[in-house]
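Residues per chain, in single letters:
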Amino acid sequence: MTVQHQIPTIDLSDYLTKDSSPEARARIIEEVKDACSRYGFIQIKGHGVPVDLQRKIIGCCKTLFDLPQAEKDALSLKKNVSRRGYERIGDQTLDSKALPDQKEGFYIGREIPPNDISFLRGPNQWPELPEENFHGPITEYYKHMLSLCNGLMEILVIGLGHNPAVLGTFMREPVCNLKLLHYPPHNSTDERLFGAGAHTDFGGITILLQQPGKNGLQVYYEPTGEWLPVPAVEDVFVVNLGDLVHKWTDGTYRSTVHRVINAAGGDRYSVPCFFHGDVKATNPFKPGDGNSETVEEHIRNKFDQSYGTDSRQVAATA
Ligand SMILES: O=C(O)CCC(=O)C(=O)O
Ligand SMILES: [Fe+2]
């Protein structure tokens, strides 16, 4: 009999509510650990993010990407070291063996004043849209993502037997970037063309909001060589681990290859939230492990590889 592998779905509500029992919390910690070591991916329910807000965020994607190309280009991320703003279809190539990705994107992160800009840190570039159509919902959603990332990081470090206090420096001013994404319909038969080419995520943890019903995400399951589809279900987030966590935990928590093909018909919107920790932090899972690479150094190399840029050459301006 063949086993149908699926990305496990875990309900976090018993962990995130204040009055949860130690037993319930321990069970969730084990479930997350098991899924993250086996698949590097989980689907989560009971996360506490209002479904209305999730719907609004998908609406924000449509509103933003429907703007005239010139308006989007005026917000290009290429001009700033903080990497906030817009990228065109084909600007990123996540799989160097494939063609450029068929997606456009828009990065939004923590609001940092213009006099304090550095790599991944700086002011956002907001489109000229009514507050309630964009800035308002995005800001509210961003707070939810920060708090959920906090909870997930805590679950992950406890799963490895640590006290959550080890996260101190890592959580000082964590880089947490939303990336609004738009995939146009995929009509090509070219096997080298993807919405997002096969890749592992760069950093810490990713929380992905998918547009309900718009399937397209596939996760590579190495033991059987299968691409497992991850359905786009309303109110269910996909969580996966990036290369930093893989490296920091010697692969106990895996960063797994995945890709996107928008074959669902019509446009597809999604919003990953990339949580990397403080730019100056080193391994929080094994403090003092002798590896002095910082979050910033690691992410900078990954960005430069996939965008074909040299970010050290971009001046620190807004
Ligand atoms: O759009 C998706 O479903 C996934 C996007 C993704 O994997 C990424 O941006 O890293
Ligand atoms: Fe990804």
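Structure first, text after, so check above.
So, how was this worked out
Residues numbered from 1 in each chain as written. Chains lettered and ligands numbered in written order. Predicted model: local features only at pLDDT ≥ 70, side-chain atom pairs only at ≥ 80, totals over all residues. Heavy atoms only, no water. Pairing = 2+ DSSP bridges. Helix = DSSP H or I, 4+ residues; strand = E, 2+ residues; numbered from the N terminus. Axes fitted to C-alpha atoms, helices over the stretch in contact; angles between N-to-C directions. Contact = heavy atoms within 4.5 Å. Core = buried A, V, L, I, M, F, W, Y, C linked by side-chain atoms within 4.5 Å. Buried < 20%, exposed > 50% of the residue type's maximum accessible area, 1.4 Å probe, protein only. Donors = N, O, S within 2.8 Å, 3.2 Å for Na, K, Ca; no water. Polar contact = N/O pair within 3.5 Å; in protein donor to acceptor, adjacent residues only side chain to side chain. Parallel < 35°, antiparallel > 145°, perpendicular 65-115°, else oblique. Nonpolar A, V, L, I, M, F, W, Y, C, P; charged D, E, K, R; others polar. Near = heavy atom within 4 Å. Areas by Shrake-Rupley, 256 points an atom, 1.4 Å probe, with all protein chains shown as cover. 1 Å grid on protein atoms, 1.4 Å probe; cavity = no way out; pocket = protein on both sides within 12 Å on 5 of 7 lines; lining within 4 Å. Sits in = over half its atoms within 2 Å of the grid points.

Draft legend 1. Region of interest: the sheet that holds strand S2 (residues 41-45). The mixed open sheet is built from eight strands, whose spatial order is S1-S2-S10-S7-S12-S5-S4-S3. One side of each edge strand has no neighbouring strand; the edge strands of this open sheet are strand S1 (9-11) and strand S3 (85-87). Across the sheet, the mean angle separating the axes of adjacent strands is 25 degrees when strand polarity is ignored. Direction of pairing for strand S7 (residues 205-210) relative to strand S12 (residues 268-277): antiparallel, over a ladder of six bridges. Paired with Leu-208 across the strands is Pro-272, a residue of S12. Running over the sheet, helix H2 (residues 22-38) touches S1, S2 and strand S10 (237-241) and is turned about 160 degrees from S1. Against the sheet, helix H7 (residues 295-307) engages S3, strand S4 (104-108), strand S5 (175-183) and S12, with an angle of about 145 degrees to S12.

Draft legend 2. Focus on the nonpolar core. Counting 86 residues, the largest nonpolar core has Tyr-141, Leu-178 and Leu-180 as its most contacted members. Excluding its chain neighbours within four sequence positions, the residues that come into contact with Leu-178 are Phe-106, Tyr-107, Ile-108, Ile-138, Tyr-141, Tyr-142, Met-145, Val-271, Pro-272 and Cys-273.

Draft legend 3. Examining the coordination of the iron ion (ligand 2) more closely. Around the iron ion (ligand 2), the donor atoms from the protein are His-199 (NE2), Asp-201 (OD) and His-258 (NE2), and they sit 2.1 to 2.2 Å away. The sequence motif formed by the donor residues of the iron ion (ligand 2) is H-x1-D-x56-H. In this pair, Asp-201 is assigned in the loop between strand S6 (196-199) and S7 and His-258 in strand S11 (residues 258-260), connecting sequence segments 57 residues apart. The exposure class assigned to Asp-201 is buried, which follows from its relative accessible area of 6%.

Draft legend 4. Spotlight on unusual backbone geometry. Even without being a glycine, Arg-83 presents a positive backbone phi close to 60 degrees. Tracing the chain through its elements places Arg-83 in the loop between helix H4 (69-73) and S3.

Draft legend 5. Focus on the side chain of Asn-262. Tracing the sequence through the fold places Asn-262 in the loop between S11 and S12. For Asn-262, the side chain forms a polar contact with the main-chain oxygen of Pro-184, separated by 3.0 Å. Here Asn-262 is in contact with Tyr-183, Pro-184, Pro-185, His-186, Asp-267 and Arg-268, once residues within four sequence places are set aside.

Draft legend 6. Local environment of the packing of H2 against helix H5 (residues 135-159). One can describe the packing of H2 onto H5 by two numbers: an axis separation of 9 Å at closest approach and a directional angle of 85 degrees. What the angle tells us is that H2 and H5 run roughly perpendicular. Facing H2, whose interface residues are Arg-25, Ile-28, Ile-29, Val-32, Lys-33 and Cys-36, H5 presents Glu-154, Ile-155, Leu-156, Ile-158 and Gly-159. Among the residues making up the contact of H2 with H5, the classes are represented as seven nonpolar, one polar and three charged.

Draft legend 7. The arrangement of the environment of Val-166 in detail. Relative to the elements of secondary structure, Val-166 occurs in the loop between H5 and S5. Here the alpha-carbon distance between Val-166 and Asn-283, two residues 117 residues apart in the chain, equals 9.6 Å. Discounting chain neighbours no more than four positions away, the residues touching Val-166 are Val-157, Pro-284 and Pro-287.

Draft legend 8. Representation of the site of ligand 1 in the model. Every residue close to ligand 1 is listed here: Leu-181, Tyr-183, His-199, Asp-201, Leu-208, His-258, Val-260, Arg-268, Ser-270, Pro-272 and Phe-274. Within the side chain of His-199, a nitrogen or oxygen atom sits 3.0 Å from an oxygen atom of ligand 1. Within the side chain of His-258, a nitrogen or oxygen atom sits 3.1 Å from an oxygen atom of ligand 1. Out of a free accessible area of 290 Å², ligand 1 has 95% covered by protein chains. Among the cavities detected, the one that contains ligand 1 is the largest cavity. Among the secondary structure elements, those contributing two or more residues to the shell around ligand 1 are S5, S11 and S12. With four residues, the top contributor of residues to the shell around ligand 1 is S12. Of the residues contributing to the shell around ligand 1, the split by class is six nonpolar, three polar and two charged.

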